[in-house]
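# Structural overview for review
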Amino acid sequence: MRLHEHEAASLFRQAGVPVAPFAVARTADEALAALEKVELPVVIKAQVLVGSRGKHGGILTAATADEVRTKTATLLGSAVRGFAVESVMVSKKVLIAQELYVGVTVDAVAGAITVILGTAGGIDVETVAKERPEALYRKTVVPPAELRGHEARLLAREAGFRGDLMVKIADVLIALYRVFRKSDAMIAEVNPLVVTPDENLWAVDAVLEVDDSALFRHPEMPKDTLARIDHPIERAAKQIGVSYVDLDGDIAIISSGAGLGMATMDVVGQRLKPANFLETGGGITEELMYKTTDLVLQKPGLKGLLINLYGGINPIHEGAKGIVRVLKEKRVKIPVVAKALGNRQEETWATLREAGVIIVTDITTEAAVDALCDALNH
Amino acid sequence: MSILLDKNTKVLVQGITGKIGQAQTKWMLAYGTKIVAGVTPGRGGARVEGVPVFDSVVEAVKETGAEASVFFVPARSVKDTVFETLEAGIKLVVVVTEHIPVHDTMEMRAEARKAKATLLGPTTPGILTVGEAKMGIIPGNLFPKVGGRAGVISRSGTLAYEVGGILAKAGTAPSTVVGMGADPVVLTDLADILKCFAADPATDFVTIVGEVGGIQEEMAAEYIAEKFKKPVIAYIAGRHTPEGKRMGHAGAIVQRGMGSVQSKVAALEKAGALIAKTPAEIGTLAQRLTGATA
């Protein structure tokens, strides 16, 4: 789950990251009131869960109270990259001598944590990684080890910093590493970390993405995980406990695994157009399958439904009952093809056949797609 | 012959008294797996499908000589349980559990390396040596009675079943099917499993079933190019995946070209692997490679 900037900023500040003074406002009046805590000039930032807000008009500056009122009002009524702005963050505008990048992230290559210090901050770090890799300094830490003081100072020193500034940067890295570990984060990032002309540091941005699988042990995290999913069917899927991704086509897909789901999309995509990706994971029950089938059929204009299941951990014979209930209740007219193999496959086939589902017993997904094409006269 | 697991391997089932643990123990026994013990803390003395249950791994190992363990343990307890299992000296652990916090996985991975143990997962269907034994949830009825000479390594579970079945149908049945798990951080790398197949005289070629996201396939490609002498067939799922979308597996997310199907295919092709565009093509390529017929 991605946190809003102000939520991340609060956690960063608690951990000791020097975050520039800020307040959150949901109305223009609240933004004016914020000026009691935050000195002018200020930066007003739309709190939306997308990157590149600056480039898309989501970050404005204000030098007077009047400007704060009008610019906050402008942002609050608008959408940034399609995301409605419901609140803004009013932050002190700091003087900039240099912009740095600091980030802590899960490194799939090392299977460990990588701490990154970049001397070119304020711009997209992936671009820096591609065009100026020499501007990024990295240190791999294998948890449960902490990032130690001397390791952080060495990283800052390698990046060319000396004296007090080297020590201050190291302290920020250590604080950021702590937040990352403490909140079970996938990424904790400040871009840019500003160096002022008098060599002080200010974090003027805060990104924190928390591992969804770890939310059970983080009661302090926001509770509105579902509300943060934009697409209504994707949100409903998350609620049921399955993964749904909306696509352009008209053939609905249900699969019992992510890899199988992707392969099904690949094979369907050769002859037809997938309407969605859906995978149930290992939690199939009659009820889950009932809700899932109902869900994928909500999309208008569907021409067919392809169901691709394996009974390994999943009781597919139970799932079949849920599918059939939907087909009967909704009087589904589009062709439905099912390939369901594994434990208790014969029972599964019998249940589905009875409701008019076309059963494919061949192991290849191609055979299922062929059967669907035949049914569609495609 | 096979890698990691055969009919003589003494297997321990952790979380054996749970609903899934019980059901899967039955399937594993039916396939021929030599399950010698189960562990569920607090349920020592019970029996599941005739298998004795112990309170701790140490006890189970001492009493039964268990040497490999498969997990049906809830996500929040997996890390502690892995530490317990490694401490008891077990060298092969299959973590079937999904939705494990990635910070826990990183710690388990480090511990496994210290212990020089092979841990598969998280989110793995497990391992199945055709005609001999299986640890995990791979359905046995998709495979022939007797194993063949094709190694299979898959990041996805369900797709491993399909590919195993396709190879069997093509007349080139698998020797051992290994699910390595699909999380962004895995406990054992693809290249390390390839090393096991390199050393197995009963495996003639290996099929890699990869998917979009992560960089396991790219890392394995380096190893294949430098050291792996057996032929490799590879299929990477997710050609139709839109960018920036998470496709169920935590690892299956494409971001700005990293971990894309194209980058994986290019790396593997350069390393000399035969690329299948769909799962069914794996069968065709395997027949071409071996001269087998269906």
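In this text the structure is predicted, and so the values were computed from the model without any measurement. (Residues numbered from 1 in each chain as written. Chains lettered and ligands numbered in written order. Predicted model: local features only at pLDDT ≥ 70, side-chain atom pairs only at ≥ 80, totals over all residues.)

## So, the overall build of chain A
Broken down by element type, chain A carries 12 helices and 18 strands. With respect to the three principal axes, the spread of C-alpha positions in chain A is 75 × 45 × 40 Å. In chain A, which comprises 378 residues, the proportion classed as buried is 44%. (Helix = DSSP H or I, 4+ residues; strand = E, 2+ residues; numbered from the N terminus. Buried ≥ 20, exposed ≤ 12 C-beta atoms within 10 Å, placed from the backbone.)

## Some details on the domain arrangement of chain A
Domain parsing of chain A yields domain 1 (21-92), domain 2 (98-217) and domain 3 (230-375). Here the C-alpha centroids of domain 1 of chain A and domain 2 of chain A sit 26 Å apart. (Domains from an automatic or database assignment.)

## Comments concerning the environment of L372(A)
Residues and elements named next belong to chain A. Tracing the sequence through the fold places L372 in helix α12 (residues 365-375). What makes L372 buried here is the crowd of 24 C-beta atoms within 10 Å. Taking the C-alpha atoms as reference points, L372 and G304, separated by 68 residues in sequence, lie 7.3 Å from one another. Excluding residues within four positions of it along the chain, L372 makes contact with G304, L306, P335 and V337. (Contact = placed C-beta atoms within 7 Å.)

## Thoughts on the domain arrangement of chain B
Residues and elements named next belong to chain B. With domains assigned, chain B is organised as domain 1 (1-123) and domain 2 (143-294). Distance between the C-alpha centres of domain 1 and domain 2: 25 Å. Residue assignment for the side of domain 1 that touches domain 2 shows that the elements contributing at least two residues are α4 (102-114) and β7 (118-120). Per-element tally for the side of domain 1 that touches domain 2: the top contributor is α4, with six residues. Grouping the constituent residues of the side of domain 1 that touches domain 2 by class yields 12 nonpolar, five polar and one charged. (Nonpolar A, V, L, I, M, F, W, Y, C, P; charged D, E, K, R; others polar.)

## Thoughts on the environment of L120(B)
Residue and element names in this part refer to chain B. Positionally, L120 belongs in strand β7. Placed 107 residues apart in sequence, L120 and K227 show a C-alpha to C-alpha distance of 22 Å. Residues within four places of L120 in sequence aside, it is in contact with V94, V95, G126, I127, V178, G179, M180, G181, L187 and T188.

## Quick word on the sheet that holds strand β2 (residues 35-39) of chain B
Residues and elements named next belong to chain B. Read from one edge of the open sheet, seven strands run β3-β4-β2-β1-β5-β6-β7, paired in mixed fashion. Two strands lie at the open edges of the sheet, namely β3 (47-48) and β7, each paired on one side alone. The strands touched by helix α1 (residues 19-31) are β1 (11-14), β2, β3 and β4 (51-54); relative to β2, the strand with the most contacts, the crossing angle is about 175 degrees. (Pairing = 2+ DSSP bridges. Axes fitted to C-alpha atoms, helices over the stretch in contact; angles between N-to-C directions.)

## Description of the interface of chain B and chain A
Residue-level contacts link 52 residues of chain B with 47 residues of chain A. Put simply, the parts of the chain that give the side of chain B that touches chain A at least two residues each are α1, α4, α5 (158-169) and α9 (279-290) of chain B.

## Describing the nonpolar core
If you look at soluble globular proteins, the nonpolar side chains tend to sit buried side by side. Residue and element names in this part refer to chain A. Counting 216 residues, the largest nonpolar core has L173 and L176 as the members making the most contacts within it. The dominant element in this core, judged by the number of residues it contributes, is helix α6 (residues 163-182), at 10 residues. In this structure L173 touches V102, V115, L117, L147, A152 and L155, once residues within four positions along its chain are discounted. (Core = buried A, V, L, I, M, F, W, Y, C linked by C-beta atoms within 7 Å.)

## Details of unusual backbone geometry
Cis geometry marks the peptide bond from P143(A) to P144(A); its omega dihedral reads 15 degrees. As for its position among the elements, P144(A) is in the loop between β9 (136-141) and α5 (149-158). The omega torsion of the bond from N191(A) to P192(A) falls at 10 degrees, within 30 degrees of zero and hence cis. The residue P192(A) is located in strand β10 (residues 185-195) in this model. Even without being glycine, K116(B) reaches a positive phi, approximately 50 degrees. Topologically, K116(B) is positioned in the loop between α4 and β7. Judged by the 8 C-beta atoms lying within 10 Å of it, K116(B) falls in the exposed class. Even without being glycine, T123(B) reaches a positive phi, approximately 60 degrees. With respect to the helices and strands, T123(B) occurs in the loop between β7 and β8 (126-129). T123(B) gets classed as buried once you count the C-beta atoms within 10 Å, which come to 29.

## Quick word on the packing of helix α9 (residues 286-296) of chain A against helix α10 (residues 316-329) of chain A
How two helices sit against one another is set out by the angle between their axes and by the gap between those axes. Residues and elements named next belong to chain A. Remark: α9 packs on α10, axes separated minimally by 7 Å, with the N-to-C direction vectors making an angle of 40 degrees. Between α9 and α10, the interaxial angle falls into the category oblique. For the pair α9 and α10, the crossing hand works out as right-handed. For the pair α9 and α10, contact is made by E286, E287, L288, M289, Y290, T293 and D294 and by E318, G319, K321, G322, I323, R325 and V326, respectively. (Parallel < 35°, antiparallel > 145°, perpendicular 65-115°, else oblique. Left-handed = near helix turned anticlockwise from the far one by under 90°.)

## Points about the environment of A276(B)
Residue and element names in this part refer to chain B. Relative to the helices and strands, A276 resides in strand β14 (residues 274-276). By C-beta crowding, A276 is classed as buried, having 22 other C-beta atoms within 10 Å. In this structure the C-alpha to C-alpha distance between A276 and E49, which are 227 residues apart in sequence, comes to 42 Å. Leave out the neighbours within four places in its chain, and A276 touches I233, A234, Y235, E281, I282 and L285.

## Some points on the pairing of β8(B)
Residues and elements named next belong to chain B. Neither face of β8 is exposed, since G126 and L128 on one face and I127 and T129 on the opposite face are all buried. Where β8 meets strand β9 (residues 133-136), four bridges bridge the pair, whose relative direction is antiparallel. What sits directly across from I127, in β9, is M135. Hairpin connection, β8 to β9: the antiparallel pair is bridged by three residues, and G131 has positive phi, about 80 degrees.

## Some words on helix α2 (residues 57-64) of chain B
Residues and elements named next belong to chain B. Within the sequence span of α2, burial applies to V57, A60 and V61. Down the axis of α2, the buried set is contained in an arc of 95 degrees. They therefore lie on one face. Facing away from the buried side of α2, by more than 90 degrees, are the exposed residues K62 and E63. In this fold, the buried residues of α2 make contact with β1, β2, β4 and α3 (78-87). In the segment just after α2, G65 is the residue with positive phi, at about 70 degrees. (Arc of directions from axis to C-beta.)

## Notes on the sheet that holds strand β2 (residues 42-46) of chain A
Residues and elements named next belong to chain A. With antiparallel pairing, four strands are arranged side by side in an open sheet as β1-β6-β2-β3. Of all strands in the sheet, those bounded by a partner on one side alone are β1 (22-25) and β3 (59-62). The mean angle between the axes of side-by-side strands here comes to 25 degrees, regardless of whether they run parallel or antiparallel. Here four bridges tie β1 to strand β6 (residues 88-92), and the two strands are oriented antiparallel to one another. Note that in β6 the partner of V24 across the bridge is M89.

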